[in-house]
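# Secondary and tertiary structure notes
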Amino acid sequence: MSAPLLRFERVRAGFGSLEVLRDVDLEVHAGEFVALVGPSGCGKTTILNLASGWLAPSGGRVERASRVRMVFQQDGLFPWRTVAENVRLGLRHVADEAERARREAEFLALVDLAPFAGHYPHQLSGGMRQRAELARALAGDTGLLLMDEPFSSLDYLARLRMRAELARLLTEQPRTVVLVTHDIEEAAQLADRVLVLSERPARIRDEVRLQAPRPRAATDPDVVRAVHHILTLLGLESDREAPALAPVEVP
Amino acid sequence: MPARALRGAWLGLVGPAALVAVWAIVASLRLFPESLFPTPLAVARGLGIELRSGRLWDDVVASLFRVLTGFLLAVALGVPAGLAVGRSRWAREAFLPLVNFFRSLSPLAWIPFAILWLGIGDPPAIFLIFMAAFFPVVLSTGAAVASIPSVYFRVARDLGLQGSERLWQVTLPAIAPQVITTLRVTAGLSWLVVVAAEMIAGRDGLGFAVWDARNGLRIDLLAANMVVIGVIGVALDLLLMGLTRIPSVRWGYER
Ligand SMILES: Nc1ncnc2c1ncn2[C@@H]1O[C@H](COP(=O)(O)OP(=O)(O)OP(=O)(O)O)[C@@H](O)[C@H]1O
Ligand SMILES: [Mg+2]
C-alpha cells in the first residue's frame, strides 16, 4: 500500500491537566473515507485539529503528506463574500484566470448553487450554506478533507440529502476524507472504515470496515449491520441477532 | 425600492413641518417677548441675510473642514491602533484602561489646553475633534477585532491567506459593519464638538456664528445657524448610513 496521507503515531494531547488523547495510532490512505464516532467530549474535534496542524500534540507524531482543508459545522463561509466569491477563494491555487472561472462555474453547478452565485451566505438556507462550503472545500487542490460534524445543524431530511450529495460529489471529485459525526448511520453509509473512540482519554477502541462499494443506500444490509455493531460497541444495543419480524397477534 | 425611499423622505418631513407649525402658533400667541422667541419667518429671513452676505457658506466650509480633518485623522490613526490592540491580549491589557480613561474624559475639558497650546482657529478645533473621535474608534475597532470568530482565521489559514492578504480579505471585512456603526456615532460626536470648540476657540465656523449672534442679540441669526447645524448633522449621518448599504457589509446588519 502507498504511504498514508495522514499518520498519527502514539499521539497524546491534552489541555492543562485534562488528558484528552492517549496513544492514538491512525493511518489514512489516499482515497479512503474514514469516519470517527465516539462519546461527546471524547476528543474527536481535537483529533481533527491535530490533523490540520491547528493544535500540536503533546506527545507522539502527526505526519501529513498533503494540504488539508477543514469543513466546519458552523459557518466557515466568509459572510462578506458571495457564494461564487467564496468558491473562488478555494481556487486560489489556479493561476489561469479563465480556468479559474470555468472551475468556479463547474463547482457551483456541482452543488446546484449556480442560480445563487451572487447571493451572500446570509441570504441562503442552512443546507445551501453547507453545500457552498463543500464546493469551496472541494474546489481546493487539497488531498485531505477534514469534516467536523458538517451536517449536524441540519434537520433530518436535509441531512439525508446532504449525505447523498456528499457521496455523489466524492464519486465525481474523489478526495480523502476524515469525517467526525454523531450520526452513526451517516458514518456507516459514507465511510470505508468507522473508528469507534473510547471515553476520554480517547483511544481507538474499534474499527468497523464496510465492504459494500460507495455510494451506498442508508438501508444497505452492510450499513444496517455496521450500525448495529457500532451501537452494540457503544453499549446502546444488546448483542443479539437483529430480531426477526414477529407475527402480529390479532386479538 | 425608489418609491419606498421617496415615501420615506416625504414622511421624514412630517416631523419638521409639525414642529414649525407649533412654533409659528406659539410665536403668534406672543407669550414671550419677540426679542427672546423668534418667529419662523424671522429665522427664515435671518437665514436669507446670512446666505446673501456669504458668511453662512464660509462658516459651513470652515466647520466641515475642521470636522473632516479631525475625524479622518482619528479614523486613520484609530483603526490601526484598534487593530493592534484587538489582535494582542497583551496590548489590550496594557492600553485599554488608558483608552477608556481618555474616552470618558469629555473633549470639552480639553478646550483650555487646546487654546493654550494651539491658539485659536483651525488647530484647536481639529485637536478637540480628534480627542473626541480617536478613543471611541480605537475601542470599538479593538473590540470588533477581538470578537472575530476564530473559524474565519482557520479558514484563511487553510486557504493560504497570510499577512496583508489576510488583513484585507479577512480581518477588515469581518469588522467592517461594526466599524461603520462606530464611524456614524463618532462623526455625530465630532459635529457636536466642533460647535462647542468654535464658540470658544474660533473666529469663524458655525459655532462662532452662534456665539456672535448671541453677542449681537440677533436671535433670528442665532436660531438660523442652529437650524443649519442640525440639518448638516442629519446630512452627515445620512451620508455615512450609505456605507451600510454596501452589499459586502449587509451581513452585519441582517443577522
Ligand atoms: N480549547 C480547549 N481548552 C480546554 N479544553 C478543551 C479545549 N478544547 C477541547 N477541550 C476539552 O477536550 C475534550 C475533548 O474535546 P473535543 O472538542 O475534542 O471533543 P469532541 O469529541 O469533539 O466532542 P463533541 O462530540 O461534543 O464535539 C473536552 O473534554 C473538552 O473539554
Ligand atoms: Mg467536536
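By convention here, each chain's residues receive numbers from 1 onward along its written sequence. Chain A is the first chain written and ligand 1 is the first ligand written, with later ones labelled in order. pLDDT decides what is reported in this predicted model: residues at 70 or higher carry local features, side-chain atom pairs at 80 or more are listed and counted, and totals for whole chains, interfaces and linings draw on all residues regardless. No hydrogens and no water enter the side-chain calculation; it runs on all heavy atoms of the structure.

### Topic: the packing of aromatic side chains
- Between rings of Phe, Tyr and Trp, where Trp is taken as its six-membered ring, a pair exists when centres lie within 6.5 Å; planes separated by under 30 degrees are stacked, by over 60 edge-to-face, and by other angles tilted. Under the criterion given, the structure shown has 15 aromatic pairs over all chains.
- Taking 5.9 Å as the distance between ring centres and 50° as the angle between the ring planes, the aromatic pair formed by W80(A) and W251(B) counts as tilted. Of this pair, W80(A) sits in the loop between β5 (68-71) and α2 (83-90) while W251(B) sits in the segment after α11 (219-241), which puts the two residues in different chains. Each member of the pair, W80(A) as well as W251(B), carries the same accessibility label: buried.
- Their ring planes at 50° and their centres at 6.4 Å tell us that W110(B) and W117(B) sit as a pair that is tilted.
- Burial here depends on accessible area, computed with a 1.4 Å probe over protein chains only, as a share of the maximum for the residue type. Under 20% is buried, over 50% is exposed, and the range in between is partly exposed. A residue is classified by how much of its surface remains accessible, and W110(B), at 15% relative accessible area, is buried.
- These aromatic residues form a ring-pair network of at least three members: F101(B), F102(B), W110(B), F113(B), W117(B), F127(B), F130(B), F134(B) and F135(B).
- Cation placement over rings: the criterion is NZ of Lys or CZ of Arg within 6 Å of the ring centroid and within 35° of the ring normal. Geometry around F78(A) places R136(A) over its ring, the cationic atom sitting 5.4 Å from the centre.
- It is R214(B) that lies over the ring of W211(B); its NZ or CZ is 5.6 Å from the centre. A run of H or I in DSSP counts as a helix once it spans at least four residues, and a run of E counts as a strand once it spans at least two, with each numbered from the N terminus.

### Section: the domain arrangement of chain B
- Taken as a whole, chain B is organised into domain 1 (1-31) and domain 2 (39-254).
- On a C-alpha basis, the centroid separation for the pair domain 1 of chain B and domain 2 of chain B is 28 Å. Domain segmentation is taken from an automatic or database assignment of domains.

### Let's talk about the packing of α2(A) against helix α3 (residues 97-110) of chain A
Residues and elements named next belong to chain A.
- Each axis is a line fitted through C-alpha atoms, taken for helices only over the stretch in contact, and angles between the N-to-C directions span 0 to 180 degrees. Two numbers describe how α2 lies on α3: the axes approach to 10 Å, and their chain directions differ by 120°. Here α3 runs oblique to α2, going by the angle between their axes. Of the two elements, α2 crosses α3, and the hand of that crossing is right-handed. The residues of α3 that touch α2, namely those facing V83, A84, V87 and R88, are R100, E104, F107 and L108.
- Ten residue types, Ala, Val, Leu, Ile, Met, Phe, Trp, Tyr, Cys and Pro, are classed as nonpolar, four, Asp, Glu, Lys and Arg, as charged, and the remainder, Gly among them, as polar. Split into classes, the residues belonging to the contact of α2 with α3 amount to five nonpolar, no polar and three charged. The labels follow the angle: roughly parallel below 35 degrees, roughly antiparallel above 145, roughly perpendicular from 65 to 115, and oblique for the rest. Two helices crossing with the near one rotated counterclockwise from the far one by less than a right angle form a left-handed crossing, whereas a clockwise rotation gives a right-handed crossing. We call two residues contacting when some pair of their heavy atoms lies within 4.5 Å.

### Details of the site of ligand 1
Residues and elements named next belong to chain A.
- Residues in contact with ligand 1 amount to 13 residues; listed here are only the nearest, S40, K44, T45, T46 and R200.
- Between ligand 1 and the protein, one listed contact pairs an oxygen atom with a side-chain N or O atom of E149 at 3.5 Å.
- Two N or O atoms form a polar contact when they lie within 3.5 Å of each other; inside protein one atom must be a possible hydrogen donor and the other a possible acceptor, and for residues adjacent in sequence the pair counts only when both atoms belong to side chains. Contact distances for ligand 1 include 2.6 Å between an oxygen atom and a side-chain N or O atom of R200.
- Coverage of ligand 1 by the protein chains reaches 61% of its 630 Å² of free accessible surface.
- Listed by contribution, the elements that provide at least two residues to the shell around ligand 1 are β2 (18-28) and α1 (44-52).
- Sort the elements by how many residues they give to the shell around ligand 1 and α1 lands first, with three residues.
- For the shell around ligand 1, the per-class residue count stands at four nonpolar, six polar and three charged. Any residue with at least one heavy atom within 4 Å of a molecule or strand is counted as near it. With residues, only the protein chains shown are counted as cover, and all accessible areas are computed by Shrake-Rupley using a 1.4 Å probe.

### Re the pairing of strand β6 (residues 144-148) of chain A
Residues and elements named next belong to chain A.
- Here β6 lies mainly inside the structure; five of its five residues are buried.
- Every second residue of β6 is oriented toward a common face, with L144, L146 and D148 on one face and L145 and M147 on the other, all of them buried.
- In short, DSSP must find at least two bridges between two strands for them to pair. Inspection of the sheet shows β5 paired to β6 by four bridges, in the parallel sense. Paired with V71 across the strands is M147, a residue of β6.
- Bridge count between β6 and strand β7 (residues 176-180): five bridges; the pairing is parallel. From the neighbouring strand, L144 faces β7, where its bridge partner is T176.
- With the strands pointing away from the viewer, any crossover whose connection runs clockwise from the first strand over the helix to the second is right-handed. Regarding the hand of the β-α-β motif, the stretch spanning β6, helix α5 (residues 156-172) and β7 is right-handed.

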